[in-house]
Amino acid sequence: MQLVFLSGGSGKRLWPLSNNARSKQFLPLLEAPDGSMESMVQRVVRQAKEAKLDAQITFATNAAQRDSIINQLGTEVDIVAEPERRDTFPAIALAASYLHFAKHCPDDEVIVVMPSDPYTELGYFQTIGRMAVQVQRDAAELVLMGITPTYPSEKYGYIVPAQTADNTAEALPVSRFTEKPTVAVAQELLREGALWNGGVFAFKLGYMMSIVRKYIQSSSFEDTYARYKEFPKISFDYEVAEKATSVAVVPFTGKWKDLGTWNTLTEELSRETIGNVLLGDTNENTHIINELDVPVFCNGLKDTVVACSPDGILVCAKDKSETIKKYVDNLSLRPMYEERRWGTYKVLSDLPYSDGTRALTKSIMLRPGKNISYQLHHHRDEIWTIVDGEGLFVLDGEVRKIKRGDVCIIHKEQLHALKAITELVFIEVQIGTPLVEEDIERFDYTW
């Protein structure tokens with residue numbers, strides 16, 4: 001079995017901790033069994049392994065999230081990054097092509113696709129195992145997971161089985177789908193025994209590849225990747241599930257939650273405070289998350305979330321947190337914190353000067369053994385001040401060892417790279433215009 005996690009979106013409803021480069025599923029806010037903090041992505045991968053699913057894991061994602069996945073999960077998972085953001089159908093089609101061409105999976109291999117961010121329990125992954133069995137038995141060409149609803153929600157799509165679901169059912173034929181109804185319609189759907197559509201799909205690889213070939217006839221993954229725009233920009237539900245003639249649903253009755261807003265997320269946090277926070281004695285149902293180096297003091301707050309990051313500061317009533325996205329969409333600031341395959345960086349300041357020159361200052365952490373690629377910039381000079389650790393610095397082919405207190409000066413058009421021997425922390429000052437991430441040209445280098 002192949003387990004494909006869909007990882008996309010920006011999660012702007014969890015601003016300022018989430019942004020275009022750091023989606024909600026990568027925020028390390030959940031407490032793991034060993035007491036450490038983990039992200040939604042780390043949690044679901046851990047749970048899948050604990051459920052002992054005999055599955056290899058692949059992430060279908062976009063290029064902006066590739067480094068975050070590597071940073072949090074290492075090399076234990078495969079990654080298929082789409083060349084441009086489209087929708088869930090093309091993302092799943094590309095992942096299927098990767099499994100077919102690059103991994104050489106057979107047509108009868110069972111593929112299960114699921115979101116990377118559900119807050120759920122072990123039974124969810126056991127249900128995935130039951131779905132795989134139904135696909136192997138040819139109960140249907142497409143098998144979905146149906147979440148037992150707890151209230152008539154407008155936020156979710158619904159799967160209406162041809163017969164009433166019960167806890168003993170292995171798989172039920174699907175009568176129809178309904179997308180995000182009104183509360184009144186949702187109440188009627190619940191009376192019909194409808195289930196929430198949790199976005200979990202199981203099928204044989206050959207089934208999906210036959211759909212892929214309707215749009216792209218290819219003999220390699222590279223060719224499919226290059227022709228990615230030929231896939232329609234449409235969801236998997238609309239393009240595949242609602243058109244399927246052989247479709248069944250396996251019910252799941254257990255804890256399942258979308259932690260998509262501060263209100264829902266804080267309900268599952270084990271701690272009232274995370275980071276440098278000082279509380280007074282009259283706070284009630286208040287959560288404070290602080291990623292800044294400066295302290296935050298809160299007193300007299302009720303039903304409130306306070307979140308501080310380099311991107312901004314949020315103070316919001318929990319019951320108003322669902323409205324954040326429409327305001328954040330108007331912010332055009334660059335992400336101030338990012339995870340990369342080699343470590344992390346945080347923007348400390350971004351200052352303009354009268355002649356149009358800018359100075360951007362970052363604090364960068366490079367993990368042991370990781371390196372920044374051999375590169376040059378056309379529009380900026382850089383000054384690196386090493387504040388902790390040891391590493392190897394390359395400038396125009398010459399290598400020298402660096403340590404705390406050393407300063408590296410890099411002019412425009414100079415080739416440079418950096419590799420950490422121990423965990424390496426340095427302050428980078430970029431001077432020039434324009435100061436954009438795209439001002440980079442990479443070259444091969446053998447350490």
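One structure accompanies this document, and this report is about it. All values reported here derive from a predicted model rather than from experimental measurement.

## Observations regarding the overall build of the protein
Along the backbone of the protein there are ten helices and 30 strands. At 24 Å, the protein has a C-alpha radius of gyration in line with the 22 Å of a compact globule built from 447 residues. Along the first, second and third principal axes, the C-alpha atoms of the protein reach 70 × 65 × 40 Å. The 447 residues of the protein split such that 51% are buried. Considering only contacts in the protein between residues 6 or more positions apart, those separated by 24 or more positions represent 66%. A total accessible area of about 20,300 Å² is found for the protein, and carbon and sulfur atoms account for 49% of it. Here the protein contributes 49 positively and 62 negatively charged side chains, and the mean placements of these two sets differ by 1 Å.

## What about the nonpolar core?
By size, the foremost hydrophobic cluster in this structure holds 42 residues, and its most contacted members are Phe-89, Val-113, Leu-142, Phe-201, Phe-203, Met-208 and Phe-236. The set of elements that each furnish at least two residues to this core consists of strand E1 (2–6), helix H3 (88–102), strand E6 (110–115), strand E8 (142–147), strand E10 (172–178), strand E11 (195–204), helix H6 (205–212) and strand E12 (247–252). At ten residues, the largest contribution of residues to this core is made by H3. Ala-51, Leu-53, Val-77 and Val-143 belong to the second largest nonpolar core, which has 41 residues in total.

## So, the packing of aromatic side chains
Applying the stated criterion across every chain yields a total of 19 aromatic pairs. Taken together, a centroid distance of 5.2 Å and an interplanar angle of 70° make the contact between Tyr-124 and Phe-125 edge-to-face. Judged by its relative accessible area of 0%, Phe-125 is buried. Centroid distance Tyr-151 to Trp-196: 5.4 Å. Interplanar angle 80°. Geometry classified as edge-to-face. Placement of the pair is Tyr-151 in the loop between E8 and strand E9 (158–161) and Trp-196 in strand E11, with a sequence separation of 45 residues. Note on Tyr-151: relative accessible area 37%, which makes it partly exposed. Through pairs of rings, three or more aromatic residues link up here, namely Phe-89, Tyr-215, Tyr-228 and Phe-231. One Lys or Arg, Arg-43, reaches over the ring of Tyr-119 and ends 4.0 Å from the middle of that ring. Sitting above the plane of the Tyr-345 ring, Lys-362 keeps its charged end 3.9 Å from the centroid.

## What about the pairing of strand E29 (residues 424–432)?
Where strand E22 (residues 358–366) meets E29, nine bridges bridge the pair, whose relative direction is antiparallel. Each bridged residue has a counterpart across the sheet, and for Ala-359 the counterpart in E29 is Ile-431.

## A look at unusual backbone geometry
Going from Trp-15 to Pro-16, the amide bond is cis rather than trans, its omega being 10°. Looking at the element boundaries, Pro-16 is found in the loop between E1 and strand E2 (30–31). Non-glycine residue Asp-138 carries a positive phi angle of around 60°. With respect to the helices, strands and loops of the structure, Asp-138 is situated in the loop between helix H4 (122–136) and E8. By relative accessible area, which is 56% here, Asp-138 ends up exposed.

## Let's talk about the environment of Asp-355
On the secondary structure map, Asp-355 appears in the loop between strand E21 (343–352) and E22. From its side chain, Asp-355 meets the backbone nitrogen of Thr-357 in a polar contact 3.0 Å long.

## Observations concerning the pattern of salt bridges
What the rule picks out here adds up to 29 salt bridges. In this structure, Arg-137 engages Glu-170 in a salt bridge whose closest nitrogen and oxygen atoms are separated by 3.6 Å. Here Glu-170 lies in the loop between E9 and E10 and Arg-137 lies in the loop between H4 and E8, a separation of 33 residues in the sequence. Relative accessible area serves as the criterion here: at 55%, Arg-137 is assigned to the exposed category. Note that Glu-188 and Arg-191 form a salt bridge whose closest N and O atoms lie 3.0 Å from each other. Within this pair, Glu-188 and its partner Arg-191 are both found in helix H5 (residues 183–191), separated by three residues, close to a single helical turn. With relative accessibility at 63%, the residue Arg-191 sits in the exposed group.

## Thoughts on the side chain of Thr-58
Positionally, Thr-58 belongs in strand E4 (residues 56–62). For Thr-58, a relative accessible area of 0% puts it in the buried group. In this structure, Thr-58 is in contact with Gln-2, Leu-3, Val-4, Phe-5, Asp-78, Val-80, Tyr-98 and Leu-99, ignoring residues within four places of it in sequence.

## Looking at the side chain of Glu-109
Considering the arrangement of structural elements, one finds Glu-109 in the loop between H3 and E6. Buried and unpaired, Glu-109 has Lys-103 as its nearest opposite-charge partner, separated by 9.4 Å. Side-chain polar atoms of Glu-109 contact the backbone nitrogen of Met-1, separated by 3.2 Å. When residues no more than four places from it in sequence are discounted, the contact partners of Glu-109 are Met-1, Gln-2, Phe-203, Lys-204 and Leu-205.

## As for a positive patch on the surface
On the surface, Arg-341, Arg-367, Lys-370 and Arg-442 cluster together into a patch of positive charge. Locating Arg-367 in the fold gives a position in the loop between E22 and strand E23 (371–376).

So, how was this worked out
Residues numbered from 1 in each chain as written. Predicted model: local features only at pLDDT ≥ 70, side-chain atom pairs only at ≥ 80, totals over all residues. Heavy atoms only, no water. Helix = DSSP H or I, 4+ residues; strand = E, 2+ residues; numbered from the N terminus. Rg over C-alpha atoms; globule rule 2.2 N^0.38 Å. Buried < 20%, exposed > 50% of the residue type's maximum accessible area, 1.4 Å probe, protein only. Contact = heavy atoms within 4.5 Å. Areas by Shrake-Rupley, 256 points an atom, 1.4 Å probe, with all protein chains shown as cover. Lys, Arg positive; Asp, Glu negative; His and termini not counted. Charge placed at Lys NZ, Arg CZ, Asp CG, Glu CD. Core = buried A, V, L, I, M, F, W, Y, C linked by side-chain atoms within 4.5 Å. Phe/Tyr/Trp six-rings, centres within 6.5 Å; stacked < 30°, edge-to-face > 60°. Lys NZ or Arg CZ within 6 Å of the ring centre and 35° of its normal. Pairing = 2+ DSSP bridges. Polar contact = N/O pair within 3.5 Å; in protein donor to acceptor, adjacent residues only side chain to side chain. Salt bridge = Lys/Arg side-chain N within 4 Å of Asp/Glu carboxyl O. Patch = residues over 30% accessible without salt bridge, like charges linked within 9 Å, V, L, I, M, F, W, Y side chains within 5 Å.

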